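Structural overview for review
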Amino acid sequence: MSSKVDDFPLEIWQEIYMYCLPDDRNTAPHSFQAPLLFLSVSKAWHALALSTPRLWAVLPIEIWSGKSYPPLAIVELWLERSRRVPLTFSLCQMTGWGDDDILASKLIHKLMKHLDRWADVTLKLDCAMSVRALTKHRNVAPRLLRSMDITFNLPFRALHVRDIDELSQTLLLFTDAPRFSSLVVHGANVFQHIDVPRVHWGGLTEIRLSEVDSVYTCLDLFAMCKNLVRCSLGVVATESEDVLPPTVGAITLPGLSSLTISLDELGMREIFGRLCVPQLRELSVSSVAMNWPQDSFTSMLERSQCSLTKVSFFNTRMLAADFSDLLSHGAMASLASLAVQEHGWLPEGWSCLMSKDTIERMSAVDAETDAPLLAPHLQSLVLNGRCVEDDYGKAVVDMVLARWERRTLTQFSWTNQNTSADIDEKEFTRLGVAELEGLGLSIGRIGSTWWDA
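Residues numbered from 1 in each chain as written. Predicted model: local features only at pLDDT ≥ 70, side-chain atom pairs only at ≥ 80, totals over all residues. Heavy atoms only, no water.

Our focus in this paragraph is the overall build of the protein chain. A tally of helices and strands in the protein chain yields 14 helices and 18 strands. Scored against the burial criterion, the 453 residues of the protein chain give a buried share of 50%. Counting only carbon and sulfur atoms, one obtains 53% of the accessible surface of the protein chain, whose full area is about 20700 Å². (Helix = DSSP H or I, 4+ residues; strand = E, 2+ residues; numbered from the N terminus. Buried < 20%, exposed > 50% of the residue type's maximum accessible area, 1.4 Å probe, protein only. Areas by Shrake-Rupley, 256 points an atom, 1.4 Å probe, with all protein chains shown as cover.)

What follows is the structure in structure tokens.
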């Protein structure tokens, strides 16, 4: 084995080692995976692994029931082996035990000693002690920091005012790094704890914030983040007295390709009525509104002249006619993936999105192109909840199988079907046969466990 190592330049072997690292960078390392596996193959592999600092600069840490994986001593060893290489690490508290809080705080203190090497960081913090440890940065700027993903699994009322002020200063320090481009915050309204104008929003290419305080804050974010490529925003129901004034006029985001957003009706009207996103390809809309603002949404599509390939609608209460019109819109001509979910309260007179007319148009074929008339390039269809008009479940199965025979539709998922969809065992059997032929299939019924044909 030693001679084999000597046959290739050191740099080639080091690159091969790097490609062997697990794809999941948030799961604690195991002895049967790289890089630990390399240590037990041979002396040559052992020596080569230890002489490759980048192998040890990717460090996932999990804390369970008072123990860390890997243990604190091993974390210190990895940090030593990584030398001066930029660090990518995750620290996730998986349980809320008291000992976990102490251990998480100790680990953060160890990692903060290498703050100048932080590059891509994921933190899931479950206690005030961990948050306080994060603020002990000694004003050391993480100049190499590119991305920060923080989840707070604790109420901020558990923190003192001083703690919140120090956290605000820490977030400002982190986002001020010259290479910083991605900010993800879950479990906290970051705008209550950060001086918004001081953040260098213009350099961000990705933001994911789960608790934005107002739709107008969203609009101001869009106005400041002109280089966004990926964006996910969730607007909380409560309004803050410190809401930023609304941005006036249309907002163009020339490079935005992926947008995930959760809004009420006012929020959807404001955002859809102003955004221009010519490069948008993936769109996910989750609604808590009573009505769907069709006019505002179509105005965004027409203003943007975008070409959507992946679309998800969750609890939009969209009317069946509006849904059919959207599938006919030019922006949907290249649609490859569609997911629809409808649960909970539905307006009086509301009809399921997948109406008889829509199903028939998705089944009909253009005589010239031999492609379906509606959503001709659709490859994946996901239905969840009350999506199909009563008594037309069989028609959906017919449509799916017809598209599968042409190999235009290759993935189909239907869970929590409404009981009035009129589907019997024969239809599930037909789908099961297609699954054996290669159709990706997931079927689930109300009141039952997952079922595979």
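Next comes the rest of the description.
This paragraph deals with unusual backbone geometry. Cis geometry is adopted by the peptide bond preceding Pro70, which originates at Tyr69 and carries an omega value of 0 degrees. Topologically, Pro70 is positioned in the loop between strand 2 (67-69) and helix 4 (72-81). You will see that Arg317, though not glycine, has its phi angle at about 55 degrees, which is positive. Tracing the backbone shows Arg317 in the loop between strand 13 (310-314) and helix 11 (320-328).

For the rest of this paragraph, the subject is the nonpolar core. Residues Trp118 and Phe222 are the most contacted members of the largest nonpolar core, which totals 128 residues. With near-sequence residues (within four places) excluded, Phe222 lies in contact with Leu228, Cys231, Leu233, Ile251, Leu253, Leu259, Ile271 and Leu275. (Core = buried A, V, L, I, M, F, W, Y, C linked by side-chain atoms within 4.5 Å. Contact = heavy atoms within 4.5 Å.)

Another aspect to go through is the pairing of strand 15 (residues 380-385). Side-chain direction in a regular strand flips from residue to residue, so the side chains alternate between the two faces of the sheet. For strand 15, the buried fraction is high: five of the six residues fall into the buried class. Relative to strand 15, strand 14 (residues 337-342) runs parallel, the two being bridged by six bridges. Bridge pairing in strand 15 places Ala339 opposite Val382. (Pairing = 2+ DSSP bridges.)

Another aspect to go through is the pairing of strand 10 (residues 258-263). Here strand 8 (residues 230-235) pairs with strand 10 via five bridges, running parallel. Each residue of the ladder has a partner; that of Gly234, found in strand 10, is Ser262. When strand 10 meets strand 12 (residues 282-287), the two strands line up parallel, connected through six bridges. What sits directly across from Ser262, in strand 12, is Ser286.

With that settled, the discussion passes to the packing of aromatic side chains. The final tally for this structure, using the stated rule, is nine aromatic pairs. Ring plane angle 50 degrees and centroid distance 5.8 Å describe the contact between Trp118 and Phe174, whose orientation is recorded as tilted. You can see Trp118 sitting in strand 4 (residues 118-125) and its partner Phe174 sitting in helix 7 (residues 161-175), a full 56 residues away along the chain. Of the two residues, Trp118 and Phe174, neither departs from the other in class, the shared state being buried. Every member of this aromatic cluster is reached through a ring pair, and the members are Phe272, Trp292, Phe297 and Phe313. Its end group placed over the ring of Trp56, Arg81 keeps NZ or CZ at 4.6 Å from the ring centre. The ring of Trp404 carries Arg407 above its face, with NZ or CZ at 3.7 Å from the centroid. (Phe/Tyr/Trp six-rings, centres within 6.5 Å; stacked < 30°, edge-to-face > 60°. Lys NZ or Arg CZ within 6 Å of the ring centre and 35° of its normal.)

This next bit is on the packing of helix 2 (residues 10-19) against helix 3 (residues 43-50). At a closest axis distance of 10 Å, the pairing of helix 2 and helix 3 adopts a crossing angle of 85 degrees. The orientation of helix 2 relative to helix 3 falls into the category roughly perpendicular. Every residue of helix 3 that contacts helix 2 at Leu10, Trp13, Gln14 and Tyr17 is listed here: Trp45, Leu48 and Ala49. Class assignment of the residues belonging to the contact of helix 2 with helix 3 gives a composition of six nonpolar, one polar and no charged. (Axes fitted to C-alpha atoms, helices over the stretch in contact; angles between N-to-C directions. Parallel < 35°, antiparallel > 145°, perpendicular 65-115°, else oblique. Nonpolar A, V, L, I, M, F, W, Y, C, P; charged D, E, K, R; others polar.)

Where helix 11 meets helix 12 (residues 356-363), the closest approach of the two axes is 9 Å, and the angle between their N-to-C directions is 20 degrees. One element, helix 11, and the other, helix 12, form an angle in the roughly parallel class. Of the residues in helix 12, those in contact with Ala320, Phe323, Ser324, Leu327 and Ser328 of helix 11 are Asp357, Thr358, Arg361 and Met362. A per-class count over the contact of helix 11 with helix 12 returns four nonpolar, three polar and two charged.

This paragraph deals with the side chain of Ser312. Residue position: Ser312 is located in strand 13. With near-sequence residues (within four places) excluded, Ser312 lies in contact with Leu283, Ser284, Val285 and Ala339.

Turning our eyes to something else, we now look at the environment of Ile443. Residue position: Ile443 is located in strand 17 (residues 440-445). Along the primary structure Ile443 and Gly432 are separated by eleven residues, whereas in three dimensions their C-alpha atoms are 9.7 Å apart.

Thr358, Ile359 and Met362 are the residues of helix 12 that are buried. Projection of helix 12 onto a plane perpendicular to its axis shows the buried side chains occupying an angular sector of 100 degrees, all on one side. Its buried side turned inward, helix 12 meets helix 11 and helix 13 (393-405). (Arc of directions from axis to C-beta.)

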